[in-house]
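Examining the three-dimensional arrangement
What follows is the residue order along each chain.
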Amino acid sequence: MPESTLQAGTIDELLRPFPPSPASVIPLLQQVQTRYGYLAPENLARVAEYTHAPRSRVYGVATFYSQFRLSKPGKHVVRVCQGTACHVLGAEKILDELKEMLRIEEGETTADGEFTLEVVRCLGCCSLAPALMIDNETCGRLTRKRVGEVLASWRGKDRA
Ligand code: FES
């Protein structure tokens, strides 16, 4: 589970191997996100300070690339594919079912902090379409009914 808050000193360990220049912003944001699971405001500010890049630029990079997340994710991240192969086989219905069951829209986290829902364009397992991934586990050949079963099996489970 990613740590929820910045701990002074810890982020500096991540920064130190990179040159303190604006060219380091993207790789540093990737490091911070890998470590904490998202980019907290205080970590964005520290990256800006370290790289001598304006905060607005660091924030702009963090919001431009979909790989970056600005809020703390739920315990499990559900990535549902809406790529071509999955779309042809009903991915839209799978997404609708997920939204309905979790009562959230894409990019949101359930009130209990259990699931975050994300939409992706391909999971690299098109032969299993329509597919989704929960944490690092792939679930394929989904139907609306299977979505409920998959969520139920993950609810309350520890993070993979
Ligand atoms: S299009 Fe869905 S896994 Fe490739």
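Remember, predicted model here, so these are calculated numbers, not experimental data.

1. Observations concerning the overall build of the protein
Within the protein, the regular secondary structure consists of 7 helices and 4 strands. Taken from the N to the C terminus, the helices and strands of the protein come in the order α-α-α-α-β-α-α-β-β-β-α. The 160 residues of the protein split such that 45% are buried. Within the structure as shown, the protein displays about 8,700 Å² of accessible surface, and the carbon and sulfur contribution to it stands at 52%. Separation between the mean location of the 20 positive side-chain charges and that of the 19 negative ones in the protein comes to 3 Å.

2. Observations concerning the nonpolar core
By size, the foremost hydrophobic cluster in this structure holds 19 residues, and its most contacted members are L29, V32, L39, V47 and V58. Of all the secondary-structure elements, those providing two or more residues to this core are α1 (10–15), α2 (25–36), α3 (41–51) and α4 (55–64). In terms of residue count, the dominant contributor to this core is α2 (5 residues). Apart from residues lying up to four places away in sequence, V58 is in contact with V25, L29, L44, V47, A48 and A53. Core analysis: the second largest hydrophobic core is formed by 17 residues, L102, I104, V150 and W154 among them.

3. Here's the deal with the domain arrangement of the protein
For the protein, the domain assignment lists domain 1 (10–64) and domain 2 (76–154). Averaged C-alpha coordinates put domain 1 and domain 2 at centres separated by 30 Å.

4. Notes on the packing of α3 against α4
Relative orientation of the contacting elements α3 and α4 amounts to 125°, with a least axis distance of 9 Å. In terms of orientation, α3 and α4 fall into the oblique class. Once α3 is placed against α4, the crossing between them reads as right-handed. Counting all contacts with α3, which are made through L44, A45, V47 and A48, the residues of α4 involved are R55, V58, Y59 and A62.

5. Here's the deal with the side chain of T51
Summarising the element assignment, T51 is placed in helix α3. When sequence neighbours within four positions are dropped, the list of residues in contact with T51 reads P20, S21, P22, S24, V25 and L28.

6. A closer look at the layout of surface pockets
Estimated volume of the largest pocket: approximately 370 Å³. As for the largest pocket, its lining consists of 19 residues, of which S66, F68, R69, G107 and E118 are closest to the centre. Here the element with the most residues in the lining of the largest pocket is strand β2 (residues 115–120); it accounts for 5 residues. Across the lining of the largest pocket, the residue classes break down as 6 nonpolar, 7 polar and 6 charged. The space that makes up the second largest pocket amounts to roughly 240 Å³.

The rules behind each value
- Residues numbered from 1 in each chain as written.
- Predicted model: local features only at pLDDT ≥ 70, side-chain atom pairs only at ≥ 80, totals over all residues.
- Heavy atoms only, no water.
- Helix = DSSP H or I, 4+ residues; strand = E, 2+ residues; numbered from the N terminus.
- Buried < 20%, exposed > 50% of the residue type's maximum accessible area, 1.4 Å probe, protein only.
- Areas by Shrake-Rupley, 256 points an atom, 1.4 Å probe, with all protein chains shown as cover.
- Lys, Arg positive; Asp, Glu negative; His and termini not counted.
- Charge placed at Lys NZ, Arg CZ, Asp CG, Glu CD.
- Core = buried A, V, L, I, M, F, W, Y, C linked by side-chain atoms within 4.5 Å.
- Contact = heavy atoms within 4.5 Å.
- Domains from an automatic or database assignment.
- Axes fitted to C-alpha atoms, helices over the stretch in contact; angles between N-to-C directions.
- Parallel < 35°, antiparallel > 145°, perpendicular 65-115°, else oblique.
- Left-handed = near helix turned anticlockwise from the far one by under 90°.
- 1 Å grid on protein atoms, 1.4 Å probe; cavity = no way out; pocket = protein on both sides within 12 Å on 5 of 7 lines; lining within 4 Å.
- Points joined across faces, edges and corners; volume = space filled by probe spheres on them.
- Nonpolar A, V, L, I, M, F, W, Y, C, P; charged D, E, K, R; others polar.

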